[in-house]
Amino acid sequence: MSDTAAVISNLVRMYELSRLQAFYYRLFCRRTGLDSIPRDARIMDCACGAGGLLRVLRRLGFTAAEGFDAAPEMVAHAQQVSGYRVVCCDALDIASHFRESSYDVLIVANFMHHLTRREDWDAFLDQCAGLLKPSGLWINREPCAHTLPQRFFRWLAARPDGVLHRLPGVRVRVESWR
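So, here's what we can say about the structure. (Residues numbered from 1 in each chain as written. Predicted model: local features only at pLDDT ≥ 70, side-chain atom pairs only at ≥ 80, totals over all residues. Heavy atoms only, no water.)

**Overview of the overall build of the protein**
From N to C terminus, the protein includes six helices and six strands. Element order for the protein, N to C, with α for helix and β for strand: α-α-β-α-β-α-β-β-α-β-α-β. For the protein, the proportion of its 178 residues judged to be buried stands at 48%. When contacts within the protein are restricted to residue pairs at least 6 apart in sequence, those whose partners lie at least 24 apart make up 65%. Put simply, the protein shows about 8900 Å² of open surface, and 54% of that area lies on carbon and sulfur atoms. (Helix = DSSP H or I, 4+ residues; strand = E, 2+ residues; numbered from the N terminus. Buried < 20%, exposed > 50% of the residue type's maximum accessible area, 1.4 Å probe, protein only. Contact = heavy atoms within 4.5 Å. Areas by Shrake-Rupley, 256 points an atom, 1.4 Å probe, with all protein chains shown as cover.)

Written as structure tokens, this is what we have:
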């Protein structure tokens, strides 16, 4: 998905970390168990946008988080607010930018609905699975429990032959709040 510079600029302003957003991300960390993992865990925030979650992870004391996004303006803002390494790359080309099997936690929050084709979902999820350590935690969160991407991810998580079961020991957390 490519947006115009004006759209990206508006999104960056909209995603500025307000107190309400900071509260939401802290609640997200609590509900997903992120707040109870070691602070040196390697965390990847996929399609991190303006870096709101990364900023909260920094405030919680995490030392090894990273992110990526396709919009250079979002990447610049995420780096500025979080201090973490954030890479500008397409979600379907992350394997060439990050080391395989190197992350303890992989977060895909509010992104899957941006992928419009099943082939893109498969390609993205395959690449994400390659980044996660065999005993890692995969957190997927979509805004609504009944969206097609969330239903697809739940179905994929339940399939014994699916991408999420190719790595022994991977724990999957599918998060939907109403």
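**Some details on the pairing of strand β4 (residues 103-109)**
In terms of residue burial, β4 counts as a mostly covered element, since six of its seven residues are buried. Bridging between strand β1 (residues 42-46) and β4 involves four bridges; their strand directions are parallel. Residue pairing in the sheet places isoleucine 43 in a bridge with valine 105 of β4. As paired elements, β4 and strand β5 (residues 132-141) share six bridges and run parallel to each other. Each bridged residue has a counterpart across the sheet, and for isoleucine 107 the counterpart in β5 is isoleucine 139. Crossover connection from β4 via helix α5 (residues 118-131) to parallel β5: handedness right-handed. (Pairing = 2+ DSSP bridges. Right-handed = clockwise from strand over helix to strand, strands pointing away.)

**A closer look at the packing of helix α2 (residues 19-32) against helix α3 (residues 52-59)**
Following both chains from N to C, one finds α2 and α3 inclined at 70 degrees, their axes separated by 9 Å at the closest point. Between α2 and α3, the interaxial angle falls into the category roughly perpendicular. Crossing of α2 over α3 shows right-handed handedness. Together, Ala22, Tyr25, Arg26, Phe28 and Cys29 of α2 and Gly52, Leu53, Val56, Leu57 and Arg59 of α3 make up the contact between the two elements. Considered class by class, the residues forming the contact of α2 with α3 number seven nonpolar, one polar and two charged. (Axes fitted to C-alpha atoms, helices over the stretch in contact; angles between N-to-C directions. Parallel < 35°, antiparallel > 145°, perpendicular 65-115°, else oblique. Left-handed = near helix turned anticlockwise from the far one by under 90°. Nonpolar A, V, L, I, M, F, W, Y, C, P; charged D, E, K, R; others polar.)

**Brief notes about the packing of aromatic side chains**
Under the defined criterion, the tally for this structure stands at five aromatic pairs. Seen from their ring centres, phenylalanine 98 and tyrosine 103 are 6.4 Å apart, and the 75 degrees between their planes marks the pair as edge-to-face. Accessibility classification places phenylalanine 98 together with tyrosine 103 in one group, the buried group. An aromatic cluster is present here, built from Tyr24, Tyr25 and Phe28 joined pairwise through their rings. Of note, arginine 42 hangs over the ring of tyrosine 103, and the distance from its end group to the ring centre comes to 4.5 Å. (Phe/Tyr/Trp six-rings, centres within 6.5 Å; stacked < 30°, edge-to-face > 60°. Lys NZ or Arg CZ within 6 Å of the ring centre and 35° of its normal.)

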